[in-house]
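Structural characterization, general
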Amino acid sequence: MSSDHPVVDEPPVLPQGDSIVAGRPFFSRPVGKIFIIWFLMTAVGVLIGIFAPHHLMPTFLSHEGTDVWRTMVLFTILAAPVAAVVYAVAAYSLIGWRHRGNQDDPPEDGPPLRGNSTVTAVWLATSSVLVLVLLAWGLTVYSAEEVSHPGTLQVDVTGQQWLWTFTYPGTGVETRSLVLPINRPVQFNVTSVDVTHGFWPAALGVQVDANPGVTTVIRATPDKLGNFTVRCSQLCGLYHSFMYAPGSVVTSAGFSRWLRSEGASTTTGQATALVKKQ
Amino acid sequence: MTTDLAPLLLEDTPIGPTAGGLYRRQNVYTGLAAGIFLGFVAWLVAHALWNSSNWGTDMVVTVTMVGWVIGFNLGVGTFNAPLRWMLGHDQTYDDELYAAGVGQGKKRYYKFCTDHKVVGTQYLVLVVVLFAIGGTLAMMMRTQLISPHSSFLSPNSYNAIVSIHGMCMIIATIIMVTGPFTNFVMPIMIGAKDMAFPRLNAMSFWVVVSAIPPLLATFVLGGVDAGWTTYAPLSVQAPPAMDAFSITMIVFVISVTVSGVNTIVTIFTMRAKGMTLGRLPIFTWASLVGAALSIYAMPALLIAFTSMITDRVVGTSFFVAGQGGTGWLWENAFWIFGHPEVYIILIPPVGAMLEVASTFARKPLFGYKVTVAGFVAISALSIMVWAHHMFTTGWAPELAGPFMVTTEIISIPTGIIFLCLIGTLWKGRIWTRLPMYFVYLFLWNFIIGGVTGIYLSDTPADEYFHGDMFVTAHFHYTLLGGAMIAATAGLCYWFPKITGKMLNERIGKTAFWMIAVGIQVTYFGMFWEGFEGMPRRVAFYDPIFQHANDMATGGAYLLMLGWIVLLYAGINSLRQGPDAPANPWHSKTLEWKVPTPVPLANFLVDPVVTSDPYGYGEPEPVGPLVMPAPDPDRELVPNLSSDNPLVRGDD
């Protein structure tokens, strides 16, 4: 094979050759081959979307955490075909359109395609529709998380260099570990006494900064029993790495027992209501 | 006269023996001496005046650093021309020739030199140095993270390294394309003899040089322990390193703003005849958009760090909660700069990468106008998305929705870049030389960076991932895997024009594969850490993250080694590479039509442009350039300064 002539699918005598190519079966044309690559890559992307978040992320113990997981799966599955279009064309360009032979000199010029308004319109329309789907999903989930439920357990969270303090208002309980009852909405009222910290009970799938001087709010509803770690997600100085606290989701009865063992003043009506709820 | 370059080659241009005046005595060493001297004087004065006051150390450090910056720039010659003008006389024509480096050979690279090609080359060296510093710091971090409780670094050193790695890389990536390539290549691309403001051009370089020693001085001033974002109030109470850090940033803002104005004015006023806006090479558009965005974004950073200094030095309380301030103010000001900054970094390399794609696919750029519109749309939207960095700060939860909307909409114009890229590859004749390798690597990486960005733009998902290693992996995929790889494509592409040597592609391709694999291993390791829930910026971690960290650390060593091999390829080629022809890639943009090495004023005759530079596969008469027959009476006068009357008359 002479290295002077680039190897192309079409006979070299026909410079454009589209008429010949168009008569071939779909899967032996470039478009068909790109379609096959696209299909395989999309399949891989969808499989990654289904399995990767499940295997790599911790077991979420709350509705909000499950929402994070669902979002990851959905967005990956939606992104897979789009990314696969780009990857498939790029991969095929290396297989089918690569200049082979002597690389010292440039190949002949390709066809002068300066644009294609139909392709551009389809591209823009597709990406717009996808963005609308993502936004509809994200805004719906977010607004659902913002709703305040009746019977919400209040927990005051205070960050300081380098520890977390959790207070259960009305019970007099103040601890270094976060214990939550299952299936009961909880609202964290988060503040800091020194610099900015990041309150991040990772397994609950929520996070909010602890800022000095103000109280920020985040809500979650634990729905599985288990232990987790509350970490600091905002660089807060020397021992930022060591700013974590143990956390667990327990049964309602277990939560009442725990509150009493921590010395809850069950004499106040509010505390009784707090414990009896659920 | 027709093809004789002699009058324009530096060594042979006759200039008066006293031309240049003070410039003759100045270079980087006089700059260093003057900087150290004035810094020392400033330290003496500040120490005498304020050391016993409440904010003594901070005041002393601030004043010393300001003294250093002013002294260095006085010593290197940044202020010569304006000072002369204030004293009542202007630079002569011979002075301008001297300042442009005439007759100084290699020495001009160590001086305040107004030739845009010298400035571009100086920037290139500076960028490599900054990447070397930032990369070394990154390796130190990854080494610390080899085991959960490594004692390689103390927590304070680790935090200081985290901060300076971040800001060093941000500075390097902001100037990595706008410095070397916008300065060296862009004026030639549009048929100009130099930038519109050559002295400001040289100033933008030497000012940023003077900003680097304060950045490194932070390590001996207690270390910046608040990350590159230096969130208040932690940064307000940080060691005096924070003062030096703030001076670095303020000085850097001056440099980038000056350089941005210069780029914009150059593109609007210095184009050759026939170089309409519709015929601008896409890299020129990218430089223009990036520059315009920096004019918008940089002042926010200036305001932020000025307020930071006053909080620390004179007792204001912009960011101090107990006295009515708030850290959210810092976060807003910082990210109003910080998000456009991502696109200031990204858009110019993408433009460079698209030039490479068109040249090596031997095809016109696909959808030129749509791509330009995409750049403009990205930059317009990018000024409205900053608060997605603040989804989890608790500031204005009611604005999370609107910022989610603007952030996700920005993926539409970003997608146009991919359309343009794959459209250009479509049915191309793909010439797989080294620059094209990096185009494909950009494409691979930037898809991953883009898709993972969409997860983070979704507020509920961000409430899991924010502040963890997933974010770190995401922005390294976009900034290193995307922008820096695109810039590397541009570097390999323009290397023959800038250095006059062909790059050794055999070593270059070895480096490519190490970098390509290194990026995937490193940052997939970090994605894994992020999925598992490892926070960012931690010196010690829970042993459950061990395996993911092993992967990231291993990949990081490979990646760094790859960059070192690429650097070796460059140095090896400079020493023993074959001389480059004027147009090794048979490209159609103007910079390939001028000889290599490029003569002082770039063009022997003013080019007349008749089409855009993407006429691959099109009939020859629509060539991009007609070089008119040289006019024998025309004096070959370099346009050394657009405010030089001699040059003005020539136009």
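Residues numbered from 1 in each chain as written. Chains lettered and ligands numbered in written order. Predicted model: local features only at pLDDT ≥ 70, side-chain atom pairs only at ≥ 80, totals over all residues.

This paragraph deals with the overall build of chain A. When its secondary structure is counted, chain A shows 6 helices and 10 strands. Looking at chain A as a whole, 38% of its 278 residues qualify as buried. (Helix = DSSP H or I, 4+ residues; strand = E, 2+ residues; numbered from the N terminus. Buried ≥ 20, exposed ≤ 12 C-beta atoms within 10 Å, placed from the backbone.)

This paragraph deals with the overall build of chain B. Along the backbone of chain B there are 21 helices and 2 strands. Here the C-alpha atoms of chain B give a radius of gyration of 25 Å, agreeing with the 26 Å that 2.2 N^0.38 yields for 651 residues. The dimensions of chain B, computed from C-alpha atoms along their principal axes, are 75 × 65 × 45 Å. Relative to its full complement of 651 residues, chain B shows a buried share of 64%. Once local pairs closer than 6 in sequence are excluded, the contacts in chain B between residues at least 24 apart make up 82%. (Rg over C-alpha atoms; globule rule 2.2 N^0.38 Å. Contact = placed C-beta atoms within 7 Å.)

Moving on, we come to the interface of chain A and chain B. On the side of chain B, 75 residues touch chain A, which itself brings 72 residues to the contact. Taken together, the elements giving at least two residues each to the side of chain A that touches chain B come down to α3 (63–96), α4 (117–146), β6 (197–201), β7 (208–210) and β9 (226–232) of chain A. In terms of residue class, the side of chain A that touches chain B is built from 40 nonpolar, 22 polar and 10 charged. (Nonpolar A, V, L, I, M, F, W, Y, C, P; charged D, E, K, R; others polar.)

Residues and elements named next belong to chain A. Summarising the sheet, β6 and β9 pair through 3 bridges and their orientation is antiparallel. Across the sheet, residue W200 finds its bridge partner in β9, namely R231. Here β9 runs beside strand β10 (residues 244–250); their pairing, made up of 6 bridges, is antiparallel. When the bridges of β10 are listed, F228 appears paired with G247. (Pairing = 2+ DSSP bridges.)

Attention now goes to the packing of helix α18 (residues 469–499) of chain B against helix α19 (residues 505–532) of chain B. Residue and element names in this part refer to chain B. Closest axis-to-axis distance for the α18/α19 pair is 7 Å, and the angle between their directions is 165 degrees. In terms of orientation, α18 and α19 fall into the roughly antiparallel class. The way α18 lies across α19 gives a crossing that is left-handed. Here M469, F470, V471, T472, A473, H476, Y477, L480, G481 and C492 of α18 lie close against α19, whose contacting residues are G508, I519, Y523, M526, F527, E529, G530 and F531. Per-class residue counts for the contact of α18 with α19 are 12 nonpolar, 5 polar and 1 charged. (Axes fitted to C-alpha atoms, helices over the stretch in contact; angles between N-to-C directions. Parallel < 35°, antiparallel > 145°, perpendicular 65-115°, else oblique. Left-handed = near helix turned anticlockwise from the far one by under 90°.)

In a soluble, globular protein the nonpolar side chains are often hidden away together inside. Ranked by internal contacts, the top residues of the largest apolar core, which has 291 residues, are V86 and V89 of chain A together with M353, V439, F442, L443 and A489 of chain B. A total of 21 residues in this core trace back to one element, the largest contributor, which is helix α12 (residues 327–361) of chain B. When residues of this core are sorted by domain, at least three fall in each of domain 1 (18–102 + 118–146) and domain 2 (153–276) of chain A. Apart from the residues within four sequence positions on either side, M353 of chain B is in contact with V439, F442, A486, A489 and G490 of chain B. Among the nonpolar cores identified, the runner-up in size contains 5 residues, and Y168, F255, L259 and A264 of chain A belong to it. (Core = buried A, V, L, I, M, F, W, Y, C linked by C-beta atoms within 7 Å. Domains from an automatic or database assignment.)

Further remarks concern the packing of α4 of chain A against helix α15 (residues 411–425) of chain B. Two quantities define a packed helix pair, namely the angle between the helix axes and the distance between the axes. Where α4 of chain A meets α15 of chain B, the closest approach of the two axes is 10 Å, and the angle between their N-to-C directions is 145 degrees. The crossing of α4 of chain A and α15 of chain B is right-handed. Here α4 of chain A contributes T120, W123, L124, S127, S128 and V131 of chain A to the contact with α15 of chain B, which in turn contributes S411, I412, G415 and L419 of chain B. For the contact of α4 of chain A with α15 of chain B, the residue count by class is 5 nonpolar, 5 polar and no charged.

Looking now at the sheet that holds β9 of chain A. Residue and element names in this part refer to chain A. The strand order across the open sheet formed by 5 strands is β4-β10-β9-β6-β7, and the pairing between neighbours is mixed. Looking at which strands have only one partner, the edges of the open sheet turn out to be β4 (178–181) and β7. On average, adjacent strands in this sheet sit at an angle of 25 degrees to one another, irrespective of strand direction. This element, helix α5 (residues 252–261), spans β4 and β10 of the sheet and lies at about 140 degrees to β4.

All names here are of chain A. Splitting chain A by domain gives domain 1 (18–102 + 118–146) and domain 2 (153–276). Centre-to-centre, using C-alpha coordinates, domain 1 lies 39 Å away from domain 2. The residue makeup of the side of domain 1 that touches domain 2, split by class, is 4 nonpolar, 4 polar and 3 charged.

Omega for the bond connecting Q161 of chain A with W162 of chain A falls within 30 degrees of zero, at 0 degrees, which places this linkage in the cis form. Of note, W162 of chain A is situated in the loop between β1 (153–160) and β2 (163–168). Despite not being glycine, T230 of chain B shows a phi value in the positive range, around 35 degrees. Residue T230 of chain B is classed as buried on the basis of its 25 C-beta neighbours within 10 Å. We note that K427 of chain B has phi near 55 degrees; this positive angle belongs to a residue other than glycine. Here K427 of chain B shows up in the loop between α15 and α16 (434–457).

Over its 20 residues, helix α9 (residues 198–217) of chain B runs 30 Å from end to end, which matches the ideal 28 Å to within 8%, given 1.5 Å per residue. Among the 20 residues that make up α9 of chain B, 16 are buried, leaving the element largely enclosed by the rest of the structure. (Expected span 1.5 Å × (residues − 1).)

Right, let's get into the sheet that holds strand β8 (residues 216–220) of chain A. Residues and elements named next belong to chain A. If you walk across this open sheet you meet the 5 strands as β3-β2-β1-β5-β8, and the pairing is mixed. With partners counted over all chains shown, the strands left at the sheet margins are β3 (173–175) and β8, one partner each. Between one strand and the next, the sheet's axes are offset by a mean angle of 25 degrees, whatever the strand orientation.

With respect to the helices, strands and loops of the structure, S307 of chain B is situated in helix α11 (residues 282–313). C-alpha separation for the pair S307 of chain B and F318 of chain B, spaced 11 residues apart in sequence, amounts to 6.7 Å.

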